[in-house]
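Understanding the architecture of this molecule
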Amino acid sequence: MDLLIKNGTIVTPKDTFKADIGVKDGKIVAIASNITEKAQEVVDASGKYVMPGGIDAHTHMEMPFMGTTTVDDFEYGTIAAAFGGVTTILDFAIQPKDKTFLETISLWRGKADPKVVVDYGIHVAVTNLTEDLVKEIPKVLEAGVSSFKLFMPYRKEGLMSDDGRIYRMLEESRRLGFLVQLHAENNSVLELLIERYVSLGKLSAEYHAKSRPNFVEGEAVHRGLALAAAAGGNLYIVHMSTKEGVAELSRMKKLYSNLYGETCPHYLILTDEKYLSPKGRRYIMSPPLRGKADNEALWEGLANGTLSTVATDHCTFTDAQKDLGKDNFTKVPNGVPGTETMIPILYSEGVSKNRISLNKLVEVVSYNPAKLFGLYPRKGTLNVGSDADIVVFDPDFEMELSQENLHSRIDYSIYEGVKVKGMPIHVFVRGKPVVYNREFVGKKGTGKFVPRGKYQPLN
Ligand code: URP
Ligand code: ZN
Ligand code: ZN
């Protein structure tokens, strides 16, 4: 064996049990109590949890957006991911208007392949759907990409798809077995409200949130789900932020299959009060931060299975980049960091505060994304035959989150001062250590593109 992790407590979505894990050639080859076979490297995980690597199904590395480019490239972004126990990221390749889906994937792989330190997959973010591109989708699936994001908002940024295009992709998702990801916000209402605030000279960060009130998401979630139900398609609503959205998803899930929701750590623990601080623009993302009742509804949605995943929407802009909108919230590049802090926050704020179980944590960051995005059983689980993407998690490791002890290239943390207890200490990707004793020991370019299979429904 190459690696033996001994005496740990293994956590899966269903079970928590003491066992050793043996690894050879990047795969898990044994899970049993007291494995005695010799191994080149033995890790003692006494008193630690041993969990499948996290899958951050929503990242934006080196993404051109709103006149600038996210500062975390595939190297820095995946180093940050690894420190947070994320062993696979799924990044959005934004389709340039004149490129096909396959060309878009090549473009993104050209950026990612030489730099990634953990494994990665790609979603296509569709900006210009034509019938010719619809015909290309079977080849895209063969290339290992089985999810496509469509944006209801961002008309002025050139990302928006209208309802007809969304419906068309949902029809195809049913026929071909892929997943449509939807950014659900009502574009015309938010544009109207933005224009109203701008004309009144209300340009500070708080008006970002005020121009996108809860119903802007709630209505769009309803419409997206209704279109999916009519088309019989497979729909996953990304970065859900409101109690209205969760309520609508819960209602529709009782009536129709293949409907899912994702939320992000910032929507679980931060509120829109952040926009009132002098650096309020750091927190500008879309949808915006909400109120405490929304935080609680999202936790509840995770606990009861209405929401299926947590991902981060890791989309990093420095203070200097955020300052593009110093005097006008509409010019602030939208996005916040998150991939390094997702699992620690879910553990400290979710598991330790009894909002979700540890098994649920593993379900929403590993197992469910692996199924939905066609990675299972290669990833998202600790099973014989699976990739040895393994996190050794110390529940007693305490840390105060701060830009200084995190690894993104960004020059601040949106969680500055938040105390966490419970951190990944060793992180293995296909059996190789990338983080060991909280030191980076990986190598640029050693992560791999993971071709994904079709969408697999959750029960
Ligand atoms: O504000 C956000 N969410 N920025 C990233 C782009 C997106 O919509 O996911
Ligand atoms: Zn989005
Ligand atoms: Zn995003």
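Below: a short report on this structure.

Turning our eyes to something else, we now look at the site of ligand 1. In the neighbourhood of ligand 1, 13 residues make up the surrounding shell, with His 60, Lys 149, His 183, Ser 286 and Asp 313 lying closest. One nitrogen or oxygen atom from the side chain of His 183 is found 3.0 Å from an oxygen atom belonging to ligand 1. A distance of 3.2 Å is found between a nitrogen atom of ligand 1 and a backbone nitrogen or oxygen belonging to Asn 334. In the complex, 99% of the free accessible area of ligand 1, which totals 260 Å², lies under the protein chains. Taken together, the residues of the shell around ligand 1 break down into four nonpolar, seven polar and two charged.

Here we come to the coordination of the zinc ion (ligand 3). Listed as protein donors to the zinc ion (ligand 3) are His 58 (NE2), His 60 (NE2) and Asp 313 (OD); their distances from the metal cover 2.0 to 2.1 Å. Classification of the site at the zinc ion (ligand 3) as tetrahedral follows from its four donor atoms and the range of 90 to 132 degrees in their angles at the metal. Mapping the donors of the zinc ion (ligand 3) onto the primary sequence gives the spacing H-x1-H-x252-D. Since its relative accessible area comes to 0%, His 58 is described here as buried. What makes Asp 313 buried here is its relative accessible area of 8%.

Taken in spatial order, the eight strands make up an open sheet running β6-β9-β10-β11-β12-β13-β14-β15, and their pairing is parallel. Only two strands of the sheet have a single neighbouring strand rather than two, namely β6 (54-59) and β15 (309-310).

For the zinc ion (ligand 2), the full set of protein donor atoms is Lys 149 (NZ), His 183 (ND1) and His 239 (NE2), at a range of 2.1 to 2.2 Å. Between consecutive donors of the zinc ion (ligand 2), the numbers of intervening residues give the motif K-x33-H-x55-H. The zinc ion (ligand 3) is placed at 4.0 Å from the zinc ion (ligand 2). In this pair, His 183 is assigned in strand β12 (residues 179-183) and His 239 in the loop between β13 (235-237) and α8 (243-255), connecting sequence segments 56 residues apart.

The rules behind each value
- Residues numbered from 1 in each chain as written.
- Chains lettered and ligands numbered in written order.
- Predicted model: local features only at pLDDT ≥ 70, side-chain atom pairs only at ≥ 80, totals over all residues.
- Heavy atoms only, no water.
- Near = heavy atom within 4 Å.
- Polar contact = N/O pair within 3.5 Å; in protein donor to acceptor, adjacent residues only side chain to side chain.
- Areas by Shrake-Rupley, 256 points an atom, 1.4 Å probe, with all protein chains shown as cover.
- Nonpolar A, V, L, I, M, F, W, Y, C, P; charged D, E, K, R; others polar.
- Donors = N, O, S within 2.8 Å, 3.2 Å for Na, K, Ca; no water.
- Tetrahedral: all angles 85-135°; square planar, octahedral: opposite > 155°, others 65-115°.
- Buried < 20%, exposed > 50% of the residue type's maximum accessible area, 1.4 Å probe, protein only.
- Pairing = 2+ DSSP bridges.
- Helix = DSSP H or I, 4+ residues; strand = E, 2+ residues; numbered from the N terminus.

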